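Topology and contacts: notes
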Amino acid sequence: MKEKNIFICQECGYQSVRWLGKCPACGQWNSFQLEQETKNNDRQIVFEPPKKLDEIEKEVGEKRIPAGISEFDRVLGGGIVSGSVILLAGEPGIGKSTLVLSVADKIVSSERKVLYVSGEESLSQLKIRADRLKIKNTSDIYFLSNSDIEVIKTVIDDFKPQILIIDSIQLIYNSQLDYSYGSSFQIRETAHFFIEWAKKNNVSIFLIGHITKDGAIAGPKTLEHLVDVVIYFEGESMSNLRILRNMKNRFGPTDEIGVFIMEQEGLCEVPEASKLFLSSRKENISGSAIFPSQEGKRTILVEIQCLVSPGYFNIPRRTFTGLDYNKVNLILAVMEKKYKLNFSSHDVYFNVSGGLKIDEPAVDLPIAIASISSFKEIPTPADAVFIGELSLTGEIRPVPYIPLRIKESVRLGFKKVFIPKISDNISISGIKIFQAEYLGDIVKILFPTEQKQSVKTSNL
Ligand code: TYD
Ligand code: MG
């Protein structure tokens, strides 16, 4: 056995033979900790020779367990794959324990025992939550309140659950290790144990992970590489809306989202998210543009809200919630140049209704329209939606899923849609489609006072 000292960045897992003040990989300061790498030179090496495709026996499909909660199943790509390890991450108090317990309640059966291990709550606290969620007292969900991995290991080897929930991975510790509880080394080691155990016993495991304020999973980012699926549960602190988002999925797509509302008796699914997001919308108010955003297979309509107001400080304020900061600034710069809208002397605020985060390029056009609408104090038509990517020259570029987005807009009662110029002519009954090559073409229609200026300054 040979032991080697190495320094590991507790944030991203970068390794160095020397201690470093700043991690060259993730830029974190003071994140290096000494760890010992043990090399076992006497190890017997057992291996299988490499195989060709036709020599590899296919496993009989992945078996999925749907929870019957469609907002949850959709995010996982159709249900929980047996033997998979799912990391459910979110800020404290967002509802992770509630979500996972509700899922457990749906999938539990006499042949499928669920073991819920809590390192942070006592058995009576767990019972209070279960009562609130109206989980049957006779249900085959078993609870254990313990955070010592040696104890958990003994229990699960003996109990043999089919689904295991670890709440939370940051609180489980191994007293044999010389590292403080909650340290990245502890988390990595315990996660490693559960992953191997899941594969060996073909048991699905939920690892609950707390995230820090800036969105990182407290402890090493490396946890995300180890597990099969990473899902984030998000929401604004003042709202009861919750969004489940898939960040990594070895067994399916990652672009689906699930929408829930946290009620007194647990989480309620929101299959008609657009209706909820648009419900508080006031018509004939400037600074609003409706965007049919594409989240996986589903189109969700959201309102892009903008407020432009004269700035009283030297540095104008910019607060963009739910949108990419650099992207919005770039669009504002294009607007300023093309339409002589003096954003640099104004404070600009953006918000996406429902607290959704939008990062697809198709949101550029509604961002631009909402900003002009607020600046000019001219409302956009209440029955219009906007789709399109903007180039720096003010050209509107095509984006994917245009027919799908239009169909959903029609279904929700919208009558006009502004889209990029596309080669194949589309006509969908019930809606007027405006195809525009340049932003100026739309500005001319919606903000007619701009007409003269835009002829002079834009590529009309
Ligand atoms: P919890 O699931 O404990 O959050 P996490 O595991 O992410 O820390 O729930 C968080 C909050 O939700 C808690 O403050 C109480 C509230 N809550 C409800 O509003 N309704 C419910 O049915 C439950 C169980 C919790
Ligand atoms: Mg919890």
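Conventions we followed
- Residues numbered from 1 in each chain as written.
- Chains lettered and ligands numbered in written order.
- Predicted model: local features only at pLDDT ≥ 70, side-chain atom pairs only at ≥ 80, totals over all residues.
- Heavy atoms only, no water.
- Helix = DSSP H or I, 4+ residues; strand = E, 2+ residues; numbered from the N terminus.
- Buried < 20%, exposed > 50% of the residue type's maximum accessible area, 1.4 Å probe, protein only.
- Contact = heavy atoms within 4.5 Å.
- Areas by Shrake-Rupley, 256 points an atom, 1.4 Å probe, with all protein chains shown as cover.
- Lys, Arg positive; Asp, Glu negative; His and termini not counted.
- Charge placed at Lys NZ, Arg CZ, Asp CG, Glu CD.
- Domains from an automatic or database assignment.
- Expected span 1.5 Å × (residues − 1).
- Arc of directions from axis to C-beta.
- Near = heavy atom within 4 Å.
- Polar contact = N/O pair within 3.5 Å; in protein donor to acceptor, adjacent residues only side chain to side chain.

**What to know about the overall build of the protein chain**
Tallying secondary structure elements over the protein chain gives twelve helices and 23 strands in all. The C-alpha extent of the protein chain, read off along each of the three principal axes, is 80 × 55 × 55 Å. Looking at the 460 residues of the protein chain, the share that counts as buried comes to 49%. Intrachain contacts of the protein chain at a sequence separation of at least 6 include 66% that bridge at least 24 residues. Surface exposure of the protein chain reaches about 23,400 Å², of which carbon and sulfur atoms provide 51%. Counting 56 positive and 57 negative side-chain charges, the protein chain places the averaged centre of each group 5 Å from the other.

**A closer look at unusual backbone geometry**
The omega torsion across Asp167 and Ser168 is 0°, close enough to zero to call that bond cis. By secondary structure assignment, the location of Ser168 is in the loop between strand E9 (163-167) and helix H5 (184-201). Residues other than glycine seldom take positive phi values, yet Asn284 does so here, at roughly 60°. Relative accessible area serves as the criterion here: at 63%, Asn284 is assigned to the exposed category.

**Points about the domain arrangement of the protein chain**
Annotation of the protein chain at the domain level lists domain 1 (2-39), domain 2 (61-271) and domain 3 (276-459). Placing the centre of domain 1 and that of domain 3 at their C-alpha centroids yields a distance of 46 Å.

**So, helix H8 (residues 325-339)**
With 15 residues, H8 ought to run about 21 Å at 1.5 Å a step, and its terminal C-alpha atoms sit 21 Å apart, in line with that. Every buried residue of H8 is accounted for by Lys327, Val328, Ile331, Leu332, Val334, Met335, Lys338 and Tyr339. For H8, the buried positions fall inside an angular range of 160° around the axis, keeping them on one side. Facing away from the buried side of H8 by over 90 degrees, the exposed positions are Asn326 and Lys337. At the exit of H8 stands Lys340, carrying a positive phi of roughly 55°.

**A closer look at the site of ligand 1**
Around ligand 1, the surrounding shell holds 16 residues, and the nearest of these are Gly93, Ser97, Thr98, Arg129 and Gly266. Taking Thr98, its side chain carries an N or O atom lying 2.5 Å from an oxygen atom of ligand 1. Between ligand 1 and the protein, one listed contact pairs a nitrogen atom with a backbone N or O atom of Glu263 at 2.8 Å. About the coverage of ligand 1: the protein hides 77% of its 550 Å² of free accessible area. Those elements that provide at least two residues to the shell around ligand 1 are helix H2 (96-107), helix H3 (123-132) and strand E13 (257-263).

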